Amino acid sequence: MEKRHLPERPGWRDEARKLGFTFADMGGEPYWDETSAYRFTLHEIENDLEAPATELDALCREAVSQAIADDYWLERMAIPPEQRDFIADSWRRGEPALYGRMDLAYDGTGPAKLLEYNADTPTSLYESASFQWLWFEQQQQAGVLGPDSDQFNSIHESLVERFAEINTPAEDVHFAADPDNPEDYATVETLAWAAREAGLGAHFTALSAIGLSEDGQFADAESRVIGTLFKLYPWEDMLRDEFAPHLQSSGTRFIEPPWKALVSNKAILPLLWQIAPGHPNLLPAFFLEDVADALTGGSPAPHVAQAFAAAEAQLRAGHVTKPIFSREGAGVSLIQPGKPPVTTPDDSYSHHPMIVQALAPLPDFDGFHPVVGAWIIGETCTGIGLREDRSRITHNLSRFKPHFIEG
Amino acid sequence: MILRKRGRRAALILAGTATLTLTACKDDQVDAQSFPDLESCIAASKQNELWFTEDDCRKNFDAAKQEFMETAPRYASKELCEQEHGVGNCGGDPAAQQQSGGGFSFMPLFMGYMLGSMMSRGGGIFSQPMVRTADGKYATPKGDQSFATNRGAGKVPAQSFQRAPTTLGKPPMSATQVNQRGGFGASATSRPSSSGGRSSFGG
């Protein structure tokens, strides 16, 4: 793994505009940044990222099957009691997942470490599946990248296959998101293109325009009944919104399925560590409530005492606290001995239970810290996209960086 | 031939419809058995070493009947229904009288039900109603799995027990009367940030 400075494609900003990639610059800063790109070897991609990410996804599903039957875990994951049957049913029926993005700390040497898994509402899909794909195509044509170079990116094709696999032919799928957020909209549009290519009917509806019919079904902005709903809106909010009591009785089929509420929940990190302690791709993780005293000289909760003792040195060397519900780095604090804590200013999720995770220091390339986003389509890792930031906590303005494989 | 890690297409470039294959993991296969009626299920449950009881038969028969009413396809005409499910396999919609508007008052006949054991996935017995298909087979309302018979045992993908979109009230994409909007999007788990409002529902 290395960061290589490359010439930008002449006129890429015009092309981005033409293609509707309107957020290539955000807040006066570049968001898409192709002044440099990350280069991986095929061995790094296949052995260090692709295979572990696919394996971690399977481990997450094992964790779901354990949590779903256990009120203790559902409680710790803050799943509302009245929604537990709804979630458990979706799991037992085998409702299939569509997509997710694992954020991995990786520097090209040791094993990649799972920071968290946005298995419910990941964005940056257009950048990963499409604009990065086009960048590679054009840079290879221009001779900037060699003829034998490659890119780990069959995200679009695998999405098309997955849509066909989990839906009936010509099924109508509604895609709901916030139309005023270009990033969110680009992600659902990318998905909708793939759904159409799979032969499905794809219809957009603004999330806030979804209505409840007199028959208790959900309907779109044009008052058409919604049979299958893809929602770029987190389950933890769906389960608590005004329409929450109608989720199950509406008969709507949801993508992602309701059980994803357990996977995108950061409380799954302590559960994964409990199921597979010492897993090379996992970081030690606990609920802050169980170990807060222990980290300041007291004792851990008895049920985690042994696991805490095994991970104590690693946690003391540096750890991160984050709320079980949070996106884009909100509420994350990074604590290292002898250094001032690093926190994000966004505290909109900080009132939720917190977890503690051992720190996996992100590599430093020219003063930037990249995080590898491993895309899981269905149950398989089929591509990556990288974000980097000067700060060691990746957030919504972190730059997207293209990648290629060479060697 | 070098195996490429990069797909041949992206959403920017359209290259026709993909060749699609339907696959299911072996791990996802569950024990299933189907019955044309409640009596044959009860009779089977009395044989040795089966994974369901007479009680499971009864409870799931009721559940399958109800799910049939909620999710079986509904059609505007009997001809259209018979095109999809075969001549003689359709009837009137018993729920039609209670509906306002109407217009979709024919549906396939209930041809029995399929039980599935979800023991390996953490719990219980699930069921799906069965209807006929145009080519003389049997399928669940969702229609993506079809079976040669409605009286047999075997392994089927757990996804076969996924509920079909509801058709009770109104089938998907049909016009409906909306009473209330705006019940999603309140972002209940997020509170206003001291650094400013939230930007995205994703991340």
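This structure is a prediction, so every number in the text was calculated from the model and none was measured.

Enquirer: Please set out the state of the cysteines residue by residue, giving values where relevant.
Expert: All names here are of chain A. If you walk through the whole model with that rule in mind, you get two disulfides over all chains. The cystine pairing of chain B, numbering bonded cysteines in sequence order, is 1-2, 3-4. As a non-bridged cysteine, Cys60 has Cys381 as the owner of its nearest cysteine sulfur, 13 Å distant. You can call Cys60 buried: its relative accessible area is 1%. Residue classification places Cys381 among the buried positions, given a relative accessible area of 1%.

Enquirer: Outline the pattern of salt bridges, listing residues and values.
Expert: Residue and element names in this part refer to chain A. For the structure on display, the rule yields 42 salt bridges over all chains. The closest approach of N and O atoms between Glu388 and Lys401, which form a salt bridge, is 3.9 Å. Remark: Lys401 occurs in strand S20 (residues 399–401) and Glu388 occurs in strand S19 (residues 380–389); sequence separation between them is 13 residues. For the pair Glu388 and Lys401, one class covers both residues: buried.

Enquirer: Residues and numbers for the sheet that holds strand S16 (residues 342–343) of chain A, please.
Expert: All names here are of chain A. Read from one edge to the other, the open sheet built from five strands follows the order S13-S17-S14-S15-S16, with strand pairing classed as antiparallel. Each having just a single partner strand, strand S13 (285–287) and S16 make up the two edges of the open sheet. Relative to strand S15 (residues 333–335), strand S14 (residues 319–323) runs antiparallel, the two sharing three bridges. Paired with His319 across the bridge in S15 is Ile335. Of the strands in this sheet, S13, S14 and strand S17 (354–358) are in contact with helix H10 (residues 268–275), which crosses S13 at around 125°.

Enquirer: Would you mind going over unusual backbone geometry in detail, with residue names and values included?
Expert: All names here are of chain A. The residue after Ile255, namely Glu256, is reached through a cis peptide bond having omega -5°. Notably, Ala78 is not glycine yet its phi reads approximately 55°, a positive angle. One non-glycine residue, Ala170, lies in the positive phi region at around 65°. Here Ala170 shows up in the loop between helix H6 (155–166) and strand S7 (172–177). Using a relative accessible area of 53% as the deciding quantity, one classes Ala170 as exposed.

Thresholds applied
Residues numbered from 1 in each chain as written. Chains lettered and ligands numbered in written order. Predicted model: local features only at pLDDT ≥ 70, side-chain atom pairs only at ≥ 80, totals over all residues. Heavy atoms only, no water. Disulfide = S-S within 2.5 Å. Buried < 20%, exposed > 50% of the residue type's maximum accessible area, 1.4 Å probe, protein only. Salt bridge = Lys/Arg side-chain N within 4 Å of Asp/Glu carboxyl O. Helix = DSSP H or I, 4+ residues; strand = E, 2+ residues; numbered from the N terminus. Pairing = 2+ DSSP bridges. Contact = heavy atoms within 4.5 Å. Axes fitted to C-alpha atoms, helices over the stretch in contact; angles between N-to-C directions.

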